[in-house]
Amino acid sequence: MKPLLELDHISYSYHSLIGETKALENISFSVENGEFIAIVGPSGCGKSTLLSIISGLILPEEGVVRINGTENNATHTNIGYMLQKDQLFEWRTIYSNVTLGLEIQHKMTSPYKENVDKMLETYGLSNFVHARPSELSGGMRQRAALIRTLALEPDLLLLDEPFSALDYQTRLEVCDDIATIIKREKKTAILVTHDLSEAISVGNRVIILSRRPATIQKIVPISFSIPDCTPMKSRNTPEFAEYFNTIWKELSYHG
């Protein structure tokens, strides 16, 4: 069976009047169906650029992105994208926010709406469907943003530091919440983060990028001895500290 996502020798540069800035160089990796990948690296190394290439928002200068064995075309690939802010509209209710994508893509059909209703119930937002975003906590807003993303039943989820705007305690809780939801829904996801603990706690593998131009320094497989380990519980396992030290040393040594 082919991987859901394949990046084959991806390179990209930014161009301006003062010259060329190489952002990514010879990036190759694959993601299996149902896998949760975390990407870490120094600030400005091109992590978000890589997500933009995967989503089809920008095209690589070299290399190919394949989804389900076919070269990526943004108009034919169902990819969900969660950004740093939840981007909920205050003038819309929570229900009309989470169904916005369905409205835009003319998919407000019974099966899609039933799926949304089920997720709102399962993830604790069914009593807030008529509320406005300002009436919800930061964690609840992020759950609503994720349901909006999942409503379109994407093949692949891209998460660009979706917890960075939250305070530390809320960030821990929401990370645990969102990662658990994604795994329960059996979605394939790629998370970009600066938080090594976050990357280790959610990822099946952590991809470490070098400084710009970013190359893959190392890929670290993550496995915990506790079965069905949640992101929060994983932080208390003996393996967690070992993974943290390995990734920290890799970033520090090449930093």
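Here, every reference points to the structure presented above.
Below is a short write-up of the structure.

**Points about helix α1 (residues 47-55)**
- Of all 9 residues in α1, 8 are buried; the element is thus mostly enclosed.
- Of the residues making up α1, those classed as buried are K47, T49, L50, L51, S52, I53, I54 and S55.
- Two residues or fewer after α1 comes G56, characterised by a positive phi angle close to 90°.

**Describing the packing of aromatic side chains**
- Going through the model one piece at a time under the given rule, you end up with 4 aromatic pairs.
- Measuring from centroid to centroid gives 6.4 Å for F244 and W248, while their planes differ by 10°, and the two rings are stacked. Pair noted here: F244 and W248 are both in helix α9 (residues 238-253), with a separation of 4 residues, about one helical turn.
- For F244, a relative accessible area of 27% gives the class partly exposed.

**Describing the side chain of D160**
- Mapped onto the elements of the fold, D160 is located in strand β7 (residues 156-160).
- Despite its burial, D160 pairs with no opposite charge; the closest candidate is K47, at 7.9 Å N-O.
- Only 2.9 Å separates the side chain of D160 from the side chain of S48, close enough to count as a polar contact.
- Once residues within four sequence positions are removed from consideration, D160 is found in contact with S48, L51, Y81, M82, L83, Q84 and V192.

**Let's talk about the pattern of salt bridges**
- In this structure the tally under the stated criterion is 7 salt bridges.
- Between D8 and R66 there is a salt bridge, with its nearest N and O atoms 3.5 Å apart. In this pair, D8 sits in strand β1 (residues 5-16) while R66 sits in strand β4 (residues 62-67), placing the two residues 58 residues apart along the sequence.
- According to the relative accessible area criterion, R66 is partly exposed, its value standing at 25%.
- Here E35 ties to R205 by a salt bridge, and the two come within 2.7 Å at their closest N and O atoms. Here E35 is found in the loop between β2 (19-31) and β3 (36-40), whereas its partner R205 is found in strand β9 (residues 205-209), with 170 residues between them in sequence.
- Among the charged side chains, a network of salt bridges with common partners joins R171, D195 and E198.

Conventions used here
- Residues numbered from 1 in each chain as written.
- Predicted model: local features only at pLDDT ≥ 70, side-chain atom pairs only at ≥ 80, totals over all residues.
- Heavy atoms only, no water.
- Buried < 20%, exposed > 50% of the residue type's maximum accessible area, 1.4 Å probe, protein only.
- Helix = DSSP H or I, 4+ residues; strand = E, 2+ residues; numbered from the N terminus.
- Phe/Tyr/Trp six-rings, centres within 6.5 Å; stacked < 30°, edge-to-face > 60°.
- Lys, Arg positive; Asp, Glu negative; His and termini not counted.
- Salt bridge = Lys/Arg side-chain N within 4 Å of Asp/Glu carboxyl O.
- Polar contact = N/O pair within 3.5 Å; in protein donor to acceptor, adjacent residues only side chain to side chain.
- Contact = heavy atoms within 4.5 Å.

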